[in-house]
Each structure stands twice: as structure tokens, then as C-alpha cells.
Amino acid sequence: MKWLLASALTLIVGAFFCLTVKGSERQARVGIFSQLIASVFVLIATLPLFFSGNVLLAEFFWTFPVNRVGLRVDALSAFFLACSLPMTFLGSLNAFGYLSPSFEKKRKGGNHFA
């Protein structure tokens with residue numbers, strides 16, 4: 001579960017830096033790099049679940065009225081995590097190539113990668 005939480009934290013920090021860095025191309029590179037790192041973290045966490053059939057469980061306690069937040073990752077949710085985050089990374093990589101002529105013309109578009 002620590003790898004999944006690390007991937008979520010990586011995406012949050014990457015989005016923050018993507019919005020604060022100057023220059024659209026730099027913003028896009030920061031966003032894509034954070035997605036790559038988060039994808040690797042998710043794959044590290046989810047690939048063993050495919051073959052072992054184990055379940056990842058985590059529980060966080062919160063204040064009233066929520067009290068408890070439970071997280072459960074089984075093989076099916078691991079499959080969707082392992083597919084969706086790397087596909088988001090590949091889509092962002094494609095968008096970077098598609099939008100690179102706009103970056104050269106000094107148009108603002110890097111914050112879309114946050």
C-alpha cells in the first residue's frame with residue numbers, strides 16, 4: 001500500500017510543481033515526469049497482486065462524521081490501476097508531441113499537464 005500512497009503523493013507534488021514552474025514546456029515535462037514515476041510506483045504495487053491473489057488493505061481514521069476510511073485493492077482494482085495510470089502517461093506523452101509547436105510559439109498550455 002505504501003507504493004500506491006507514494007504514487008498519489010507523487011502526482012500531487014507533480015501537479016503543484018507543474019503549476020508553479022515557469023514556461024509551458026517545462027510545466028509539461030514536470031507533469032509527464034511525475035506521471036512516469038507514479039506509474040512505476042503503481043506497477044510495483046499492483047503486479048504482485050495479479051499472480052498471488054492477495055489483497056492490499058489500509059485503514060485511516062478520521063474525525064466525526066467519517067470516523068474510518070478503508071482502502072482495499074484486489075486483483076481487479078489492481079488491473080485497472082495498472083492499466084489506467086500508464087495509459088494516462090502515454091496520453092500525456094502524445095499530447096506533449098502534439099502541443100510542442102504551440103510551446104515554441106510561446107502559447108500557454110503546460111498547466112494542462114498538472
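Calculation notes
Residues numbered from 1 in each chain as written. Predicted model: local features only at pLDDT ≥ 70, side-chain atom pairs only at ≥ 80, totals over all residues. Heavy atoms only, no water. Phe/Tyr/Trp six-rings, centres within 6.5 Å; stacked < 30°, edge-to-face > 60°. Buried < 20%, exposed > 50% of the residue type's maximum accessible area, 1.4 Å probe, protein only. Core = buried A, V, L, I, M, F, W, Y, C linked by side-chain atoms within 4.5 Å. Helix = DSSP H or I, 4+ residues; strand = E, 2+ residues; numbered from the N terminus. Contact = heavy atoms within 4.5 Å. Expected span 1.5 Å × (residues − 1). Axes fitted to C-alpha atoms, helices over the stretch in contact; angles between N-to-C directions. Parallel < 35°, antiparallel > 145°, perpendicular 65-115°, else oblique. Left-handed = near helix turned anticlockwise from the far one by under 90°. Nonpolar A, V, L, I, M, F, W, Y, C, P; charged D, E, K, R; others polar. Patch = residues over 30% accessible without salt bridge, like charges linked within 9 Å, V, L, I, M, F, W, Y side chains within 5 Å. Areas by Shrake-Rupley, 256 points an atom, 1.4 Å probe, with all protein chains shown as cover. Salt bridge = Lys/Arg side-chain N within 4 Å of Asp/Glu carboxyl O. Pairing = 2+ DSSP bridges.

Draft legend 1. Expanded view of the packing of aromatic side chains. For the coordinates displayed, the defined rule picks out 3 aromatic pairs. Judged by centre distance (5.5 Å) and plane angle (65 degrees), the rings of Phe16 and Phe17 are edge-to-face. Residue classification places Phe17 among the partly exposed positions, given a relative accessible area of 42%. Ring geometry for Phe79 and Phe80: centres 5.3 Å apart, planes at 75 degrees, overall edge-to-face. The class for Phe79 is partly exposed, based on a relative accessible area of 41%.

Draft legend 2. Focus on the nonpolar core. Counting residues in each nonpolar core, the largest one holds 11 residues, listed as Met1, Leu4, Ala38, Val42, Ala45, Leu49, Leu56, Ala58, Val73, Ala78 and Leu85. The set of elements that each furnish at least two residues to this core consists of helix H2 (24-52), strand E1 (56-61) and helix H3 (75-104). By residue number, the principal contributor to this core is H2, which donates 4 residues. Apart from the residues lying within four places of it in its own chain, the contact partners of Ala78 are Thr46, Leu49, Phe50 and Val73.

Draft legend 3. Region of the structure containing H2. Compared with the 42 Å implied by 1.5 Å per residue over 29 residues, the 43 Å span of H2 between its first and last C-alpha is a close match. Immediately beyond the C-terminal end of H2, within one or two residues, lies Gly53, with a positive phi of roughly 75 degrees.

Draft legend 4. Geometry of the packing of H2 against H3. One can describe the packing of H2 onto H3 by two numbers: an axis separation of 9 Å at closest approach and a directional angle of 160 degrees. As far as their axial angle goes, H3 and H2 are roughly antiparallel. In this structure, H2 meets H3 at a crossing whose hand is left-handed. Looking at the contact of H2 with H3 residue by residue, the classes come out as 19 nonpolar, 6 polar and 2 charged.

Draft legend 5. Quick peek at a nonpolar patch on the surface. A grouping of Leu5, Phe60, Trp62, Val66, Val69 and Leu71 is seen on the molecular surface, where their side chains present a nonpolar patch of about 530 Å² in accessible area. Tracing the backbone shows Phe60 in strand E1.

Draft legend 6. Structural view of the pairing of strand E2 (residues 68-73). Relative to E2, E1 runs antiparallel, the two being bridged by 6 bridges. Bridging across to E2, Ala58 finds its partner in Leu71. Taking the residues between adjacent antiparallel strands as the criterion, E1 and E2 are bridged by 6 residues, where Asn67 takes a positive phi near 70 degrees.

Draft legend 7. Here's a closer look at unusual backbone geometry. The peptide bond linking Phe64 to Pro65 adopts the cis configuration, its omega dihedral lying at 10 degrees. If you trace the backbone, Pro65 turns up in the loop between E1 and E2. Residue Asn67 is not a glycine yet carries a positive backbone phi of 70 degrees. Looking at where Asn67 falls in the secondary structure, it is placed in the loop between E1 and E2.

No statement about biological role is implied by the geometric values presented.
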